[in-house]
Amino acid sequence: EESGSRRSARLPRSAGPPAPPTEALAMGSGDRILVEEGAEWAKLVKGSSRMAAGDDDLLDVAEDGNVPAEEEGVLSKAEIQEILALNSDPTLCLPLEAKYWARHQLELFVQSGGTLRPKNCSIPDERLWANTNMSREEIVRALSQASDWISQADAILIGSGAGMGVDSGLGTFRGGHMGVWEGLEAVGLAYEEICDAKWFREEPELAWAFWDHCYKAYKDTSPHDGYTHVRDWGQKCPLGFYSFTSNIDSHWISSGIGADRVLEVHGAVRWLQCSKPCCPDVWRAPKDNGLTMLPTHRAAGNLPRCPKCKAVARPNVQMFGGDAGFSKARRAAQFGKYDAWLKQLEGRRDKDSLRIVCLEVGCGLTVPTVRKELEGVMHKFPQARLIRVNPENPGIPQELAQRSLSLPLGAGAALEQLRSRIASNETEVTFVLVGRTGGCEIQAPFGSSVGRLLRLASREEGLAVDFSPDSRAEYQDLNGQRVRIALDSSVPATAFRAIKRPAGSEKQLTVVVNLEVDFQCSRFPENLNEQLHRRVEEAGRLLDDVNALFARDEYQAAVLKCMDKRGVMCAARDVQCKVLPAFGLEGNERGIAGMTHCIGIVQCFSQLQAKVLQSMELSFVSRMGHLPHVVASERPAERPPPAAPTATEAHNAAAATAAARGRAAAAATTALPAHPAALCRTAEAVRASGDATLAHRPKVASLQLAIRKAMHFEVNVLAW
């Protein structure tokens, strides 16, 4: 897995009678055995079973495809380039051990597009994988699904390779954007050959010519916007994020992600170490190494030196060729923090329900360090999801296909598409979480699961949340019915109401979720977080002001004169309407309905319950049970009946009535709000606009029907 490992394969045995194919392979329909210069090759169709273990007559390669060779190499760079010219596909990946194959082996591999390969080739056969050939429609669906996964993620593990830097202007080491240093052709070395620590001993001017070019390219290049997008997504996750990268450009750190959240598994060119090495120390490289490039592609100037032994320094980057001199001190410290983060996630009681998104961007097959790490995390967490962004190698192993998706796009394009979709769909709503003890108010995207809400609440300063995966939750729908849901479920759109936020008149869709959970917070009374504490305080002040007016002698004298319940309610409403404008509410029936909702969602807390009971008592509402609803008033004097209309007048009146009804129906249809969230608010306003007379019922019924129809055509109601 390490980029510095040298890979090779033992050559095939000399000609001899090959073993029967049935002994070597679990053959399937369409599979064939080819014999080339005395060695057997397997040509497997997609879906074929693996080669049987213990095969001695096929090309004998170790289980990982890498066996040390007796000689330094079989194929030169020129020979490899000559063979690669036989295939026009620039995305064809060669395994690191390919230079140790025999010529005919590499030719078969290249000419077949990787179909004909030695047994246990280190690069997997992508024909056996999912998502290797996606249509435009499949890509659009994958983008939509990926944006939903990221929006609802509890944590994000970002894996990145050389493809992540292409949109910043950097070249990759292989594939369609290959191009690191133009001097490679002039000196006749491949990338894997120049990245060998031996050059710092044998020809340090050549080594520093290459690495100083890399250092300047990385330093002078700014990270593209995709880095910022990913950082913003990660910062919204309740359990944080981490960057696991094989890149050595330090762009994740320079993009604003803290160094304690980045693991540079292959080191970083901005750090130096001794090339001997005399010690494990590393130090920051200067802003400018002061080197110039000669026409011979050698560095001129004072080469960087070790401050202790004065030997030539080198970048703290793990190189090819075994690189036993690579100082692992800095990387070990990064690994310690990364492992601690992963172990913390694994140690949670709700581990099996954590939605961890493994976002892999631009990681190739030749050095699969990052790919294997993210796939390993997928196996640790049952609810984890993998998003693979790679235009050249987007395939997904079959065992992960049900929890993964591919985006065969460039890094910059894919991340910008995801940002746009997440921004358009991420509607923030308010959740008031009420536990057995305490509570919490948070803003989160619509569709967040209850478990994710609790994990977000645990990030609140000074707030501890104690819950188990079996904890239950319930909410109240618009009909007043309590509905139970599991922690991995989300609250539906029909449960939200437009309720005023504290300290202002702005309204936001809000829902109350009652939980079998304990909240502990020492900062505010009743174990509330700051937002919910402010809401409770405002409701308390509103009740205090209303109760002060109810307690006045003028009100008490007036309410005692009321002869029916309607009179008492009208007197109480007059008092309430005087107070409401000071709290951002309208001084009318709509404002009273808003006040009822504002108090109702926090009335369960003890400091408000007493004030609500006092308000009911002072206003006489709790003592009006003996009064009639309405006292019958004297009937007005009867007027003489109007004269009967003529036939012509009756006909004209009927026509005018029919026309008026048609216009009213058309106006009602066009005025009906199209958005489900607006329909919900309109229904609330209708319900609170006056007495529940029969005249309101048809309108409420039509609104409810429109809400159901609108929700049928759009899943994400609030975003629409």
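Since we're looking at a predicted model, the values are computed, not measured.

Asker: Mind showing me how you'd approach the overall build of the protein here?
Answerer: The helix and strand tally for the protein stands at 22 helices and 21 strands. Relative to its full complement of 720 residues, the protein shows a buried share of 47%. Partitioning the contacts of the protein with sequence separation of at least 6, the portion at a separation of at least 24 is 68%. Working note: accessible area of the protein is about 35,200 Å², and carbon and sulfur atoms make up 51% of it.

Asker: Could you clarify how one ought to interpret the sheet that holds strand β10 (residues 313-317) in this entry?
Answerer: The pairing of strands in a sheet comes from backbone hydrogen bonds and takes either a parallel or an antiparallel form. The sheet built from 3 strands is open, its strands ordered β7-β6-β10 with antiparallel pairing. Whereas interior strands pair on both sides, the edge strands pair on one side only; in this sheet they are β7 (282-284) and β10. Across the sheet, the axes of successive neighbouring strands diverge by a mean angle of 50°, strand direction being ignored. Pairing of strand β6 (residues 267-274) with β7, which is carried by 3 bridges, proceeds in the antiparallel orientation. Across the sheet, W271 pairs through a bridge with R284, a residue of β7. Sheet contacts for helix α8 (residues 204-220): β6 and β10; angle to β6, the most-contacted strand, approximately 140°.

Asker: Could you clarify how one ought to interpret unusual backbone geometry in this entry?
Answerer: Most peptide bonds take the trans form, and the phi angle of most residues other than glycine is negative. Note that the residue after K276, namely P277, is joined by a cis bond; omega there is -5°. With phi around 60°, E526 is a residue other than glycine that occupies positive phi space. Take E526: it is sitting in the loop between β21 (518-521) and α15 (530-550). Of note in the backbone geometry, F620 takes a positive phi value of approximately 75° without being a glycine. Accessibility expressed as a relative area gives 11% for F620, which makes it buried.

Asker: Is there a simple way to think about the pairing of strand β15 (residues 439-445) in this case?
Answerer: Every regular strand shows the same layout, with side chains that alternate between the two sheet faces. The element β15 is largely enclosed, with a buried count of 6 among its 7 residues. Note that strand β14 (residues 428-434) and β15 share 7 bridges and pair antiparallel. Bridge assignment links V434 to a residue of β15, and that residue is G439. Counting the residues that bridge the hairpin from β14 to β15 gives 4 residues, and of these G438 lies at a positive phi of roughly 75°.

Asker: Explain the pairing of strand β4 (residues 241-245) here, please?
Answerer: Across the 5 residues that make up β4, a large majority, 5, are buried. Neither face of β4 is left uncovered, since the one carrying F241, S243 and T245 and the one carrying Y242 and F244 both have all their residues buried. By the bridge criterion, 5 bridges tie strand β3 (residues 155-160) to β4 in an arrangement that is parallel. Each residue of the ladder has a partner; that of I156, found in β4, is F241. When β4 meets strand β5 (residues 262-264), the two strands line up parallel, connected through 3 bridges. Bridging from a neighbouring strand, S243 pairs with V262 of β5.

Asker: Quick question: what am I supposed to make of empty space enclosed by the protein here?
Answerer: Which parts of space are left empty comes out when a probe the size of a water molecule is rolled across the atoms. Evaluation of the coordinates by the stated rule reveals 3 cavities of 30 Å³ or more. Of all the elements in the fold, those that place two or more residues in the lining of the largest cavity are α15 and α18 (589-600). For the lining of the largest cavity, the element with the most residues is α15, which contributes 4 residues. When the residues that make up the lining of the largest cavity are grouped by side-chain class, the tally is 6 nonpolar, no polar and 3 charged.

Rules of the game
Each chain has its residues counted from 1, following the order in which its sequence is written. For a predicted model such as this one, the threshold for reporting local features is a pLDDT of at least 70, and the threshold for listing and counting side-chain atom pairs is 80 or more; totals across whole chains, interfaces and linings nevertheless cover every residue. The side-chain values count all of the structure's non-hydrogen atoms but skip hydrogen atoms and water molecules. Going along the chain from the N terminus, every DSSP run of H or I of four or more residues is numbered as a helix, and every run of E of two or more is numbered as a strand. Accessibility here uses a 1.4 Å probe with only protein chains present; expressed as a share of the type maximum, an area under 20% marks a residue as buried, one over 50% as exposed, and anything in between as partly exposed. Contacts were defined at the residue level, with two residues in contact if any of their heavy atoms lie within 4.5 Å. Only the protein chains shown count as cover for residues, with accessible areas throughout obtained via the Shrake-Rupley method and a probe of 1.4 Å. Two strands pair if DSSP finds at least two bridges between them. Lines are fitted to the C-alpha atoms to define the axes, a helix being fitted only along its stretch in contact, and any angle between axes, read from their N-to-C directions, falls within 0 to 180 degrees. Definitions used throughout: a 1 Å grid over protein atoms alone; a cavity as a set of points that fits a 1.4 Å probe which cannot get out; a pocket as an open set with protein on both sides within 12 Å along at least five of seven lines; a lining residue as one with an atom within 4 Å of a point. Grid points are joined across faces, edges and corners, and a volume is the space filled by probe spheres set on the points. Each residue gets one of three labels, nonpolar for Ala, Val, Leu, Ile, Met, Phe, Trp, Tyr, Cys and Pro, charged for Asp, Glu, Lys and Arg, and polar for the others, Gly among them.

Take it as geometry only, folks, not as evidence of what the structure does.
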